[in-house]
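# Per-entry structural report
Chain by chain, the residues:
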Amino acid sequence: MPVTPFQALACPLDGDPLTHVDTAWRCPAGHSFDIARQGYTHLLPVQNKRSRNPGDSKEMVAARRNFLNGGFYQPIADAVNRAVLADAPGEGMLSCLDAGCGEGYYLRQLAAAAGERQTLELLGVDISKWAVLAAAKQDKRPAWVVGTNARLPVLPGSVDRVLCLFGFPVYSEFARVLKPGGQLLQVDAGPWHLRELREIIYPTLKPEKNEDVVTPEGFTTLETTTERFPLELTSQEQISDLLAMTPHLYRASAEGIERASALDSLAVTVEVRLTRSVRTGLQG
């Protein structure tokens with residue numbers, strides 16, 4: 001089977017290995033975590049929550065699902081897939097964690113790109129219950145978990161690839177869960193990313209900074225590439241979905257949001273930086 005759920009989960013309370021028993025995951029100390037009927041598992045202890053429902057709201061998740069399933073970010077997914085599979089072994093299992101998986105678009109795209117030639121063991125983790133629920137509804141094959149990047153419910157040295165796409169990186173955790181020689185694939189917004197939209201919703205834009213890529217401790221950068229392409233949005237719904245899946249929805253003024261809401265079409269530039277790094281040692 002080309003895609004299988006990731007198994008090396010850790011108890012979020014004590015870090016011990018979890019074992020899949022019937023419809024739950026259990027650790028040796030007796031902590032038990034039920035698998036929801038939709039197919040995901042909640043491994044975010046209440047003491048690690050900063051709010052009742054942290055992460056993206058149900059509305060933000062729906063907007064992201066609509067927009068990404070429309071294929072608008074397909075070039076980003078293609079670039080990520082190439083990077084993930086570039087040094088993959090021809091045989092055997094390749095385990096991949098999407099840390100901040102949202103509604104699972106990029107893992108679904110990775111599974112489609114790998115096809116029959118590579119067996120993937122997949123895990124998506126997100127702090128938003130609504131995101132993980134949407135991911136589980138769209139694809140039952142990976143393991144989907146509500147959890148936090150600050151303390152990933154994953155055993156040490158158990159993952160070949162970690163994806164952090166427009167997310168919140170916690171490099172010490174990424175280094176901990178990656179195998180020696182495992183790789184981190186990170187996607188961040190570039191200086192020109194959605195500039196045309198930002199010019200509409202903000203009174204002025206801050207000067208763009210050409211920031212150098214800083215390699216985090218425990219990693220060595222293999223390559224950094226830039227993906228840049230135009231995007232034509234042809235309806236208010238598409239513009240609204242794009243805005244709703246970005247932090248700009250909460251940063252812009254009411255006047256800025258109103259200006260965007262009046263548009264029926266918009267040409268924007270997509271620019272992202274993809275950094276591929278290899279895990280070379282653990283942080284102290």
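The preceding data block contains the structure.
Below or above, wherever it landed, is the structure these notes cover. Along each chain, residue indices are assigned from 1 in the same order as the chain's sequence is written. With the structure being a predicted model, the display of local features is reserved for residues of pLDDT at least 70 and the display and counting of side-chain atom pairs for 80 or more, all residues being used for whole-chain, interface and lining totals. Side-chain numbers come from the whole structure's heavy atoms, not from hydrogens or water.

## Side note on a positive patch on the surface
- On the surface, R37, K58, K137 and K140 cluster together into a positively charged patch.
- In this description a helix means any DSSP run of H or I spanning at least four residues, a strand means any run of E spanning at least two, and both kinds are numbered starting from the N terminus. Position of K137 relative to the elements: it lies in helix α4 (residues 129–138). Patch definition: residues above 30% relative accessible area lacking any salt bridge, with like charges linked at up to 9 Å and the nonpolar side chains Val, Leu, Ile, Met, Phe, Trp and Tyr linked at up to 5 Å. All accessible-area figures derive from a Shrake-Rupley calculation using a 1.4 Å probe, and residue coverage is judged against the displayed protein chains alone. Think of a salt bridge as a Lys or Arg side-chain nitrogen and an Asp or Glu carboxyl oxygen that are within 4 Å of each other. The positive count covers Lys and Arg only, the negative count covers Asp and Glu only, and His and the chain ends enter neither. Charge placement uses NZ in Lys and CZ in Arg. For Asp and Glu, CG and CD serve respectively.

## With respect to the pairing of strand β8 (residues 143–146)
- Burial status follows relative accessibility: with a 1.4 Å probe on protein chains alone, a residue under 20% of its type maximum counts as buried, one over 50% as exposed, and anything between as partly exposed. Neither face of β8 is left uncovered, since the one carrying A143 and V145 and the one carrying W144 and V146 both have all their residues buried.
- Summarising the sheet, strand β5 (residues 40–42) and β8 pair through three bridges and their orientation is parallel. Residue Y40 lies in a different strand from β8, and its bridge partner there is W144.
- In this analysis, strands are considered paired if DSSP registers two or more bridges between them. Both strand β7 (residues 119–126) and β8 contribute to a ladder of four bridges, which runs parallel. Counted as the bridge partner of L123 is A143 from β8.
- Tracing the backbone out of β7, into α4 and back to the parallel element β8 gives a crossover that is right-handed. The handedness rule is simple: strands pointing away from the viewer, and a clockwise path from the first strand over the helix to the second, make the crossover right-handed.

## A short note on the packing of aromatic side chains
- Classification of ring pairs uses Phe, Tyr and Trp, with its six-membered ring standing for Trp, and accepts pairs whose centres are within 6.5 Å; under 30 degrees between planes counts as stacked, over 60 as edge-to-face, and the remaining range as tilted. On inspection of all chains with the given rule, the structure shows six aromatic pairs.
- Measuring from centroid to centroid gives 4.7 Å for F67 and F72, while their planes differ by 25°, and the two rings are stacked.
- An angle of 80° between the planes, with centres 5.0 Å apart, marks the rings of Y105 and Y106 as edge-to-face. Side by side, Y105 and Y106 carry an identical accessibility label, which is buried.
- The rings of F67, F72, Y73 and F166 are connected pair by pair, giving a single aromatic cluster.
- Two conditions define a charge sitting above a ring: the NZ of Lys or the CZ of Arg must be within 6 Å of the ring centre, and it must be within 35 degrees of the ring normal. Cation over ring: K58 sits above W130, and NZ or CZ is 4.3 Å from the ring centre.
- For R195, the ring lying beneath its charged end belongs to W192, and the centroid distance is 4.8 Å.

## Some points on the pattern of salt bridges
- This model, assessed by the stated rule, comprises ten salt bridges.
- Here R82 ties to E227 by a salt bridge, and the two come within 3.8 Å at their closest N and O atoms. Placement of R82 in helix α2 (residues 74–85) and of E227 in strand β11 (residues 219–233) is noted, with a sequence separation of 145 residues between them.
- Where R176 meets E173, a salt bridge forms, and the shortest distance between an N and an O atom there is 2.8 Å. Of this pair, R176 and E173 are both found in helix α5 (residues 171–177), three residues apart, which corresponds to roughly one turn of the helix.
- Under the relative-accessibility criterion, R176 is labelled partly exposed at 23%.
- Ionic contacts of the salt-bridge type, sharing partners, join the residues D87, E223 and R276 into one network.

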